[in-house]
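# Coordinate analysis (summary)
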Amino acid sequence: MWNVHHRNNKLRPSRADRDLMPVRWIVFRSDGMKQRLLVLRFIVTGSGRYVWRSLKNCVKFLLGRKPRRDEWMLFFQQYILHLTGLRPIWGITCAAPSGREGAGSQANLIMNAINFAQATGLTYAHTPFRIIDHADRPMQEWVTAWETLFNLGVGEVACDIGRHGVVNYFLTNWENVELCFGWRGRREQLSHSFKATIPEYRRKYYRNKSPRATDEVTVAVHIRRGDVFASNSNMLTRTEIVLQTIRAVKSILDSHRVPYRICVYSQGNIADFAELSPLGVEFFLEADPIWTMQELIEADILIMAKSSFSYYAGIISDGIKIFDPQAMSSVYGMFMPSWGWTLLSPADDWLPCQTDGSIDPVTFERQLSILMQAKAAQGGGAAVPSQ
């Protein structure tokens, strides 16, 4: 099929290819009458909504005010043009309409878009970062630094400014895109397919850098602070819970006489983490975020926070990841494929922790043994003795 050929070769389909696309395949691709009725309802109710918003924009224009054109209006227009055959949809992109999302969140969303494009057989067209939250330097310098670090656009088609024939798969719009492409209610399937694409994201990340090798085992502890408070408990992991996780990891490393180094990455002051100081950890607070991301990725053991920042690092890392399995569901209230696969089909190096911060010691010891064997093979440490 044309779409598979162009996806593999990272090419934008020609006009002739687009003309060969079945005009209404998106509506009738779904299984069952219910899905078709949902699409039909979207078109009918959306038409009234589109007309009403267009009229409001005309009034704003006449009054000398700036018309409002959001992602929903753009997608609805694109979809109708696709159905009529005037402008077939050939690609998927991910462009944040505002700077409310941080670097980790936007990276996760782009990886979801790449995964969705592959699942639908369309081409992923890359839109570089334009604005990212939590900037600590001029915005253009900030987004360029993250673009260079993630390398998610490497080898991909560039999305043109007008997004002709390319729909935006983003937080505010992805439910409509999934509905119209016959993927509503199929997040589990997308989550399974996401797991298979992880090596691709790792190759992109390491395109301009090399994995680090160390003699000691490095333990990175990411504690989310700064933008979370006790009132926002969905995103906050209390320090005493992190303490329990560190203690569990430290105890097992000590029992095997494994040399290690534990580093805490967060925001605030050392006094905010007084409970952790007796454990001999090193603190890196208010450090450069891009350097911090690299440290999390390169750690042999990553104790993750409830954040997309941590989840991106975990996806790229080939070390042991200790995570809260319900963290992202409680934050987003939805099933995001970039993390959902950890619940459906967890990899051997992803270790869920309990609500009190405890971990399964048997599972951790098994993963530690595999990690140490890999380090020994790379010339960076001795293997853990068998029990």
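As a starting point, this report considers the structure included with it. All of these numbers come straight from a predicted model, not from anything done at the bench. (Residues numbered from 1 in each chain as written. Predicted model: local features only at pLDDT ≥ 70, side-chain atom pairs only at ≥ 80, totals over all residues. Heavy atoms only, no water.)

This part covers the overall build of the chain. Regarding its fold elements, the chain presents 15 helices and 10 strands. Of all 387 residues assigned to the chain, the portion counted as buried reaches 52%. Within the chain, contacts between residues at least 6 apart in sequence are counted, and of these 70% link residues at least 24 apart. (Helix = DSSP H or I, 4+ residues; strand = E, 2+ residues; numbered from the N terminus. Buried < 20%, exposed > 50% of the residue type's maximum accessible area, 1.4 Å probe, protein only. Contact = heavy atoms within 4.5 Å.)

The six strands lie next to each other as 7-6-5-8-9-10, forming an open sheet whose pairing is parallel. The open sheet is flanked by strand 7 (282-285) and strand 10 (350-352), the only strands paired with a single partner. Going from strand to strand, the sheet's axes swing by 20° on average, the running direction of each strand aside. For strand 5 (residues 217-222) and strand 6 (residues 260-266), the ladder comprises six bridges, and the chain directions are parallel. In the strand pairing of strand 6, Val 219 is matched with Ile 262. (Pairing = 2+ DSSP bridges. Axes fitted to C-alpha atoms, helices over the stretch in contact; angles between N-to-C directions.)

Looking at the element boundaries, Thr 214 is found in the loop between helix 9 (187-205) and strand 5. Overall, Thr 214 belongs to the buried group, its relative accessible area being 19%. Polar side-chain contacts of Thr 214 include one of 2.8 Å to the backbone oxygen of Glu 216. (Polar contact = N/O pair within 3.5 Å; in protein donor to acceptor, adjacent residues only side chain to side chain.)

Helix 5 (residues 71-84) packs onto helix 4 (residues 33-62) with a crossing angle of 125° between their chain directions and a minimal axis gap of 10 Å. Classed by the angle they form, the pair helix 4 and helix 5 counts as oblique. In the crossing of helix 4 with helix 5, the sense of the turn from one axis to the other is left-handed. Counting all contacts with helix 4, which are made through Val 39, Phe 42, Ile 43, Gly 46, Ser 47, Arg 49, Tyr 50, Arg 53, Ser 54 and Asn 57, the residues of helix 5 involved are Trp 72, Met 73, Phe 75, Phe 76, Gln 77, Tyr 79, Ile 80 and Leu 83. (Parallel < 35°, antiparallel > 145°, perpendicular 65-115°, else oblique. Left-handed = near helix turned anticlockwise from the far one by under 90°.)

We now examine the side chain of Glu 298. Among the structural elements, Glu 298 can be located in helix 11 (residues 289-298). Arg 212 provides the closest opposite charge to the buried, salt-bridge-free Glu 298, at an N-O distance of 5.0 Å. Among the polar contacts listed, one links the side chain of Glu 298 to the backbone nitrogen of Arg 212, at a separation of 2.9 Å. Filtering out sequence-adjacent residues up to four positions away, Glu 298 remains in contact with Tyr 206, Ser 210, Pro 211, Arg 212 and Thr 218. (Lys, Arg positive; Asp, Glu negative; His and termini not counted. Salt bridge = Lys/Arg side-chain N within 4 Å of Asp/Glu carboxyl O.)

A few words on the sheet that holds strand 2 (residues 123-126). With parallel pairing, four strands are arranged side by side in an open sheet as 3-2-1-4. On the outer flanks of this sheet lie strand 3 (157-158) and strand 4 (166-168), each paired with one strand and no other. Looking at chain direction, strand 1 (residues 91-93) and strand 2 are connected through two bridges and run parallel. Bridging across to strand 2, Gly 91 finds its partner in Thr 123. Sitting on the sheet, helix 6 (residues 103-120) is in contact with strand 1 and strand 2, with an inclination near 150° to strand 2.

Looking now at the nonpolar core. In this structure, Phe 42, Tyr 79, Trp 146, Phe 150, Met 293 and Tyr 312 are the most contacted members of the largest nonpolar core, which totals 68 residues. Element by element, the count of residues in this core is highest for helix 6, at nine residues. In this structure, Val 217, Leu 279, Ile 303 and Cys 353 belong to the second largest nonpolar core, which totals 30 residues. (Core = buried A, V, L, I, M, F, W, Y, C linked by side-chain atoms within 4.5 Å.)

Okay, helix 4 next. In a regular helix each residue adds 1.5 Å, so 30 residues correspond to 44 Å; helix 4 covers 43 Å between its end C-alpha atoms and thus fits that length. Restricting attention to buried positions, one finds in helix 4 the residues Gln 35, Leu 38, Val 39, Phe 42, Ile 43, Gly 46, Arg 53, Asn 57 and Lys 60. Gly 64 occupies a position one or two residues after helix 4 and carries a positive phi of about 80°. (Expected span 1.5 Å × (residues − 1).)

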